[in-house]
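Tertiary structure, described
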Amino acid sequence: MNVDATTARAAAAPQGRPVSGKGAAAGAGVPPLLETRGLTIRFGGHVAVNAVSCAFRPGELTCIVGPNGAGKTTYFNLISGQLPPTAGQILLDGEDVTRLPVSQKTRRGIGRAFQLTSLFPNLSVLENVRLAVQARQQRGVDLFSMWTSHRDVRAQAQACLERVALADKRHLPVASLPHGDQRKLEVGILLALQPRIFMFDEPTAGMSVDEVPVILDLIQEIRQDRSKTVLLVEHKMDVVRSLADRIIVLHNGTLMADGNPAEVIASPIVQQAYLGTMESDTEASHG
Ligand SMILES: Nc1ncnc2c1ncn2[C@@H]1O[C@H](COP(=O)(O)OP(=O)(O)OP(=O)(O)O)[C@@H](O)[C@H]1O
Ligand SMILES: [Mg+2]
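Values in this document were obtained by computation on a predicted structure and should not be read as measured data.

Some points on the overall build of the protein
Counting secondary structure elements, the protein contains 10 helices and 10 strands. Within the protein, buried positions represent 42% of all 287 residues. The contacts in the protein between residues at least 6 apart in sequence include a share of 71% that link residues at least 24 apart.

Regarding the sheet that holds strand E7 (residues 197-201)
Sheet strands pair via backbone hydrogen bonds, and the direction of the pair is either parallel or antiparallel. Here 6 strands make up an open sheet; going across it, the order is E6-E7-E8-E3-E9-E10 and the pairing mixed. Each of the sheet's edge strands pairs with one partner strand only, and the pair in question is strand E6 (110-112) and strand E10 (254-259). Pairwise comparison of adjacent strand axes, ignoring direction, gives a mean angle of 20° for this sheet.

Here's the deal with the site of ligand 1
The environment of ligand 1 is formed by Phe43, Ala48, Gly66, Asn68, Gly69, Ala70, Gly71, Lys72, Thr73 and Thr74. Per element, the largest residue contribution to the shell around ligand 1 is 3 residues, and it comes from helix H2 (residues 72-80). In terms of residue class, the shell around ligand 1 is built from 3 nonpolar, 6 polar and 1 charged.

Points about the sheet that holds strand E2 (residues 46-56)
In space, the 4 strands of this open sheet follow the order E2-E1-E4-E5, with antiparallel pairing throughout. The strands lining the two open edges of the sheet, one partner per strand, are E2 and strand E5 (95-96). Pairing analysis gives 7 bridges linking strand E1 (residues 34-43) to E2, with the strands arranged antiparallel. By the bridge assignment for E2, Glu35 is matched with Ala55. Contacts between H2 and the sheet are confined to E1, E2 and strand E4 (87-92), with E2 contributing the most and set at about 65° to the helix.

Side note on the pairing of E10
Of all 6 residues making up E10, 5 are buried, and the element is well covered by its neighbours. Of the pairings in the sheet, the one linking strand E9 (residues 246-251) to E10 comprises 5 bridges and is antiparallel in character. Note that in E10 the partner of His251 across the bridge is Thr254. The antiparallel hairpin formed by E9 and E10 contains 2 residues in its connecting segment, where Asn252 sits at a positive phi of about 50°.

Details of the pairing of strand E8 (residues 229-233)
For a regular strand, side-chain orientation follows a simple rule: the groups alternate between the two sheet faces. Counting buried positions along E8 yields 5 of 5 residues, so the element is predominantly enclosed. When strand E3 (residues 60-65) meets E8, the two strands line up parallel, connected through 5 bridges. The residue of E8 that forms the bridge with Cys63 is Leu232. For E7 and E8, the ladder comprises 5 bridges, and the chain directions are parallel. When the bridges of E8 are listed, Met199 appears paired with Leu231. With helix H7 (residues 212-224) bridging E7 and its parallel neighbour E8, the resulting β-α-β unit is right-handed.

Examining the environment of Ala135
With respect to the helices and strands, Ala135 occurs in helix H4 (residues 125-137). Between the C-alpha atoms of Ala135 and Ser103, which are 32 residues apart in sequence, the distance is 9.9 Å.

Quick notes on the confidence of the model for the protein
With 79% of its residues at a pLDDT of 70 or more, the protein shows a mean pLDDT of 83. Low pLDDT, under 50, characterises residues 1-25; the stretch is placed with 47 contacts to residues that sit more than four places away or in other chains.

Scoring rules and cut-offs
- Residues numbered from 1 in each chain as written.
- Chains lettered and ligands numbered in written order.
- Predicted model: local features only at pLDDT ≥ 70, side-chain atom pairs only at ≥ 80, totals over all residues.
- Helix = DSSP H or I, 4+ residues; strand = E, 2+ residues; numbered from the N terminus.
- Buried ≥ 20, exposed ≤ 12 C-beta atoms within 10 Å, placed from the backbone.
- Contact = placed C-beta atoms within 7 Å.
- Pairing = 2+ DSSP bridges.
- Axes fitted to C-alpha atoms, helices over the stretch in contact; angles between N-to-C directions.
- Near = placed C-beta within 6 Å.
- Nonpolar A, V, L, I, M, F, W, Y, C, P; charged D, E, K, R; others polar.
- Right-handed = clockwise from strand over helix to strand, strands pointing away.
- pLDDT = per-residue confidence, 0-100.

Rendered as structure tokens:
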């Protein structure tokens, strides 16, 4: 189905109102913590993210939905600095951070769950989280502070592991963890970095049914902190419905809809073209 953004917004709007973010956000009225302006990336002739302008406020959990290949992960990669945009800007607290490397963005509070491939597979679960705590603290190297911080860092790492239900596996090497535990560890490391913006990309994909609530409860807990902004890419519509303050819809790299969940989910064209399709896609691809 070929629907451009203008058509989708107009057709999707109840009583002729466009489906837009205005007034939809839980943090409405607060200045944005993160903003993308005309954010674009081209791979050869393919525009994977196409002029996406969106502002994200503290105290707001935004679900990013859209069919496979819509550009959701690429949008995250641009924000976190894993990919350089072809055009557009990324603003953090109103400051242009578009070209900063991942490490700088992480330091400034943009928290993207690390891919396990970038961790230390032969170190223990606890050591990996401990390194994340240390990276955040960037302690000096004098022996006294190293000694006093050692227990503190370890305690903080342990607390992060407890929050993702991995404390009893803290001594295992990361490489030995089953997939679901690895996903939980990604979230544990994200917690250790204490970001201001939490970016979750399908955080429960590949988890068993009993592991999913641990992560969803944790995301609920994070959103209670009104100073944090949460961006969540999620295919499962029941999760989206239960968590989102706001939903944005990407399709072919373009922002198709942006509004409160009721508006976006109820909008007929979005429902028919994207959300309905996604649910059946999800069943097919994630079992
Ligand atoms: N490094 C890359 N080089 C070339 N093309 C890329 C690259 N990364 C992403 N793409 C393309 O950009 C488009 C968007 O991909 P992306 O992974 O962002 O989609 P997605 O919305 O996250 O999909 P899914 O729901 O399947 O995870 C796809 O067509 C993909 O093939
Ligand atoms: Mg993706």
